[in-house]
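Read off the chains here:
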Amino acid sequence: EAAVTQSPRNKVAVTGGKVTLSCNQTNNHNNMYWYRQDTGHGLRLIHYSYGAGSTEKGDIPDGYKASRPSQENFSLILELATPSQTSVYFCASGGQGNTEVFFGKGTRLTVV
Amino acid sequence: AQSVTQPDARVTVSEGASLQLRCKYSYSGTPYLFWYVQYPRQGLQLLLKYYSGDPVVQGVNGFEAEFSKSNSSFHLRKASVHWSDSAVYFCALSGNSGGSNAKLTFGKGTKLSVKS
């Protein structure tokens with residue numbers, strides 16, 4: 001069964017701290033994505049990857065880094081977390097042409 | 001640069017009425033287009049997708065969408081809405097080739113409320 005697993009599901013971080021959000025997919029998809037969802041903004045693309053070793057900037061990459069060490073794993077890294085990064089983060093994986101895209105259940109991040 | 005615009009942040013319709021949710025896109029090539037739905041406190045679910053061919057595509061639960069290249073639009077329709085259709089609907093766009101064209105961009109969403 002297709003699956004995208006995000007961890008942690010909830011995280012409270014302190015301002016200035018480092019946060020790593022992890023995403024694992026078992027769909028053998030080339031494409032993986034990180035979004036944040038905020039009221040009034042919909043889903044905004046932070047970073048994406050089209051294969052192991054690749055990362056591409058999305059529409060709002062500032063303050064975030066991404067890492068794709070393998071086909072299955074895609075991490076989002078906040079080196080210096082700020083309260084403005086409080087949000088719900090979704091990871092997704094997509095097959096060729098995004099003919100099928102699966103989303104994780106989301107990570108609720110609060111930066112205090 | 002690619003973008004998706006959903007001009008209506010909120011739409012309210014009566015149960016049994018017809019529905020149209022609007023989506024406009026900007027993309028230099030031939031896009032792949034999608035509609036997703038998000039129910040409260042849940043993730044996104046795919047309603048339908050368009051790649052090529054017949055501009056009218058059918059999706060789940062009686063939804064359909066029509067692609068118009070001349071208008072750069074991909075509007076979602078349903079003939080008769082049910083109260084359970086209340087949710088947030090997202091239009092999305094992706095390139096039609098691999099590599100960096102895999103960028104998948106979403107609109108801001110339209111919140112649909114169905115009143116009985």
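What you are looking at is a predicted structure, and each value in this text was computed from that prediction instead of being measured.

Draft legend 1. Expanded view of the overall build of chain A. A count of helical and extended segments in chain A gives zero helices and 11 strands. Scanning chain A from its N terminus toward the C terminus, one meets helices and strands in the order β-β-β-β-β-β-β-β-β-β-β. Here chain A has a C-alpha radius of gyration of 13 Å; the compact-globule value for 112 residues is 13 Å, and the two agree. Here chain A, with 112 residues, has 53% of them falling under the buried criterion. Looking at chain A alone, contacts between residues at least 24 apart form 53% of all its contacts between residues at least 6 apart.

Draft legend 2. Representation of the state of the cysteines within the structure. What the rule picks out here adds up to two disulfides over all chains. Disulfide pairing places C23(A) opposite C91(A) at an S-S distance of 1.9 Å. Where C23(A) bonds to C91(A) through sulfur, the torsion about that S-S bond is close to -80°, and the disulfide is left-handed. Of this pair, C23(A) sits in strand β3 (residues 19-25) while C91(A) is found in strand β9 (residues 87-94), placing the two residues 68 residues apart along the sequence. Each sulfur in the disulfide pair C23(B) and C91(B) lies 2.0 Å from the other. Disulfide C23(B)-C91(B): the torsion about the S-S bond is -65°, which places it as left-handed. Of this pair, C23(B) sits in the loop between β3 (19-21) and β4 (24-26) while C91(B) sits in strand β10 (residues 87-94), and the two are 68 residues apart along the sequence. In this pair, the class of C23(B) matches that of C91(B), namely buried.

Draft legend 3. Expanded view of the interface of chain A and chain B. Across the contact, 20 residues belong to chain A and 21 residues belong to chain B. Put simply, chain A and chain B have one salt bridge between them. One salt bridge in this structure joins D59(A) and K103(B), with 2.8 Å as the shortest N-O distance. Seen at the junction of chain A and chain B, the total is four residue pairs in polar contact (both at pLDDT 80 or more). Elements with a minimum of two residues in the side of chain A that touches chain B: β4 (31-38), β5 (42-49) and β10 (101-103) of chain A. For the side of chain A that touches chain B, the per-class residue count stands at nine nonpolar, nine polar and two charged.

Draft legend 4. The arrangement of the pattern of salt bridges in detail. Residues and elements named next belong to chain A. One pass over the full model with this rule turns up eight salt bridges over all chains. The partner of R44 in a salt bridge is D38, and the shortest N-O contact between them spans 2.9 Å. The exposure class assigned to D38 is buried, which follows from its relative accessible area of 16%. Connected through salt bridges with shared partners, the residues R36, D38 and R44 form a single ionic network.

Draft legend 5. Region of the structure containing the layout of surface pockets. Each pocket or cavity is described by its volume, and for the largest pocket that value is around 890 Å³. Around the largest pocket, the lining is made up of 33 residues, and of these Q37(A), D38(A), T39(A), Q38(B) and V88(B) lie nearest the centre. Broken down by secondary-structure element, the contributors of at least two residues to the lining of the largest pocket are β4, β9 and β11 (107-111) of chain A together with β10 and β12 (110-115) of chain B. Its residues assigned to classes, the lining of the largest pocket shows nine nonpolar, 15 polar and nine charged.

Draft legend 6. Here's a closer look at the environment of G106(A). Residues and elements named next belong to chain A. Positionally, G106 belongs in the loop between β10 and β11. We classify G106 as buried; its relative accessible area is 3%. For the pair G106 and W34, spaced 72 residues apart in sequence, the C-alpha separation works out to 10 Å. Ignoring anything within four residues of it in the chain, the contact list for G106 reads Q6, R9, V88, Y89 and F90.

Parameters at a glance
Residues numbered from 1 in each chain as written. Chains lettered and ligands numbered in written order. Predicted model: local features only at pLDDT ≥ 70, side-chain atom pairs only at ≥ 80, totals over all residues. Heavy atoms only, no water. Helix = DSSP H or I, 4+ residues; strand = E, 2+ residues; numbered from the N terminus. Rg over C-alpha atoms; globule rule 2.2 N^0.38 Å. Buried < 20%, exposed > 50% of the residue type's maximum accessible area, 1.4 Å probe, protein only. Contact = heavy atoms within 4.5 Å. Disulfide = S-S within 2.5 Å. Salt bridge = Lys/Arg side-chain N within 4 Å of Asp/Glu carboxyl O. Polar contact = N/O pair within 3.5 Å; in protein donor to acceptor, adjacent residues only side chain to side chain. Nonpolar A, V, L, I, M, F, W, Y, C, P; charged D, E, K, R; others polar. 1 Å grid on protein atoms, 1.4 Å probe; cavity = no way out; pocket = protein on both sides within 12 Å on 5 of 7 lines; lining within 4 Å. Points joined across faces, edges and corners; volume = space filled by probe spheres on them.

The values reported here are purely geometric and, on their own, carry no functional implication.
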